[in-house]
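The primary structure of each chain is shown beneath.
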Amino acid sequence: MPDVLQQRAGVQVLVCDPAGPPVASEQDALDLIGAAFLGAQVVAVPASRLDERFFALGTRFAGEVMQKFVNYRLRLAVVGDISRHLAASSALRALVEESNRAGHIWFLPDLDALDARLRGDTDGRRTA
């Protein structure tokens, strides 16, 4: 399945193919952002496509990627199991918790969780 634009919970989402190319550089992130400009408000990237450096916060790669999405006013959803990364890093756990409280970057277990998040957030505001 190629990356595909889908309407999910009333929001246009670029759902990225798990078998697609890895996101291993800032340019790879910009390529996803460019693809999202076809109408997406959210880019759902499988965690498996993110280079291991994304989860090692000392590399600063996660910050660079996340900042690109914020700068272009696109939401990023990292979708999938990142439990092994969370177990290895209290800093990553803190980043995930903080990100999931905000509106731009989310770490979610699956697309169903993304749909739920898009339908509304914890204070009752619609996030779309």
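Above this text sits the structure in question.
Residues numbered from 1 in each chain as written. Predicted model: local features only at pLDDT ≥ 70, side-chain atom pairs only at ≥ 80, totals over all residues. Heavy atoms only, no water.

## A word on the environment of Ser48
Moving on, step 1. Mapped onto the secondary structure, Ser48 falls in the loop between strand E3 (42-46) and helix H2 (61-71).
Moving on, step 2. Of the residues examined, Ser48 reaches a relative accessible area of 61% and is grouped as exposed. (Helix = DSSP H or I, 4+ residues; strand = E, 2+ residues; numbered from the N terminus. Buried < 20%, exposed > 50% of the residue type's maximum accessible area, 1.4 Å probe, protein only.)

## As for the pattern of salt bridges
Moving on, step 1. Tallied over the entire structure, the rule returns six salt bridges.
Moving on, step 2. A salt bridge links Asp3 to Arg49; the nearest nitrogen and oxygen atoms lie 3.0 Å apart. Taken together, the residues span a long stretch of sequence, with Asp3 in the segment before strand E1 (4-8) and Arg49 in the loop between E3 and H2 at a distance of 46 residues.
Moving on, step 3. Of the residues examined, Asp3 reaches a relative accessible area of 32% and is grouped as partly exposed.
Moving on, step 4. A salt bridge links Glu52 to Arg84, with the shortest nitrogen-to-oxygen separation between them at 2.8 Å. Of this pair, Glu52 sits in the loop between E3 and H2 while Arg84 sits in helix H3 (residues 83-88), and the two are 32 residues apart along the sequence.
Moving on, step 5. Judged by relative accessible area, Glu52 falls into the partly exposed class, the value being 46%.
Moving on, step 6. Under the relative-accessibility criterion, Arg84 is labelled exposed at 54%. (Salt bridge = Lys/Arg side-chain N within 4 Å of Asp/Glu carboxyl O.)

## Remarks on the side chain of Asp115
Moving on, step 1. For Asp115, the location among the structural elements is in helix H5 (residues 111-119).
Moving on, step 2. When residues no more than four places from it in sequence are discounted, the contact partners of Asp115 are Arg8 and Ala9. (Contact = heavy atoms within 4.5 Å.)

## Details of the nonpolar core
Moving on, step 1. Formed by 27 residues in total, the largest nonpolar core has its most connected members in Val43, Val45, Phe54, Phe69, Leu76 and Phe107.
Moving on, step 2. The set of elements that each furnish at least two residues to this core consists of helix H1 (26-36), E3, H2, strand E4 (75-79), helix H4 (90-101) and strand E5 (105-108).
Moving on, step 3. Broken down by element, the residue count for this core peaks at five residues, all from H2.
Moving on, step 4. In this structure Leu76 touches Val43, Val45, Val65, Met66, Phe69, His104, Ile105 and Trp106, once residues within four positions along its chain are discounted. (Core = buried A, V, L, I, M, F, W, Y, C linked by side-chain atoms within 4.5 Å.)

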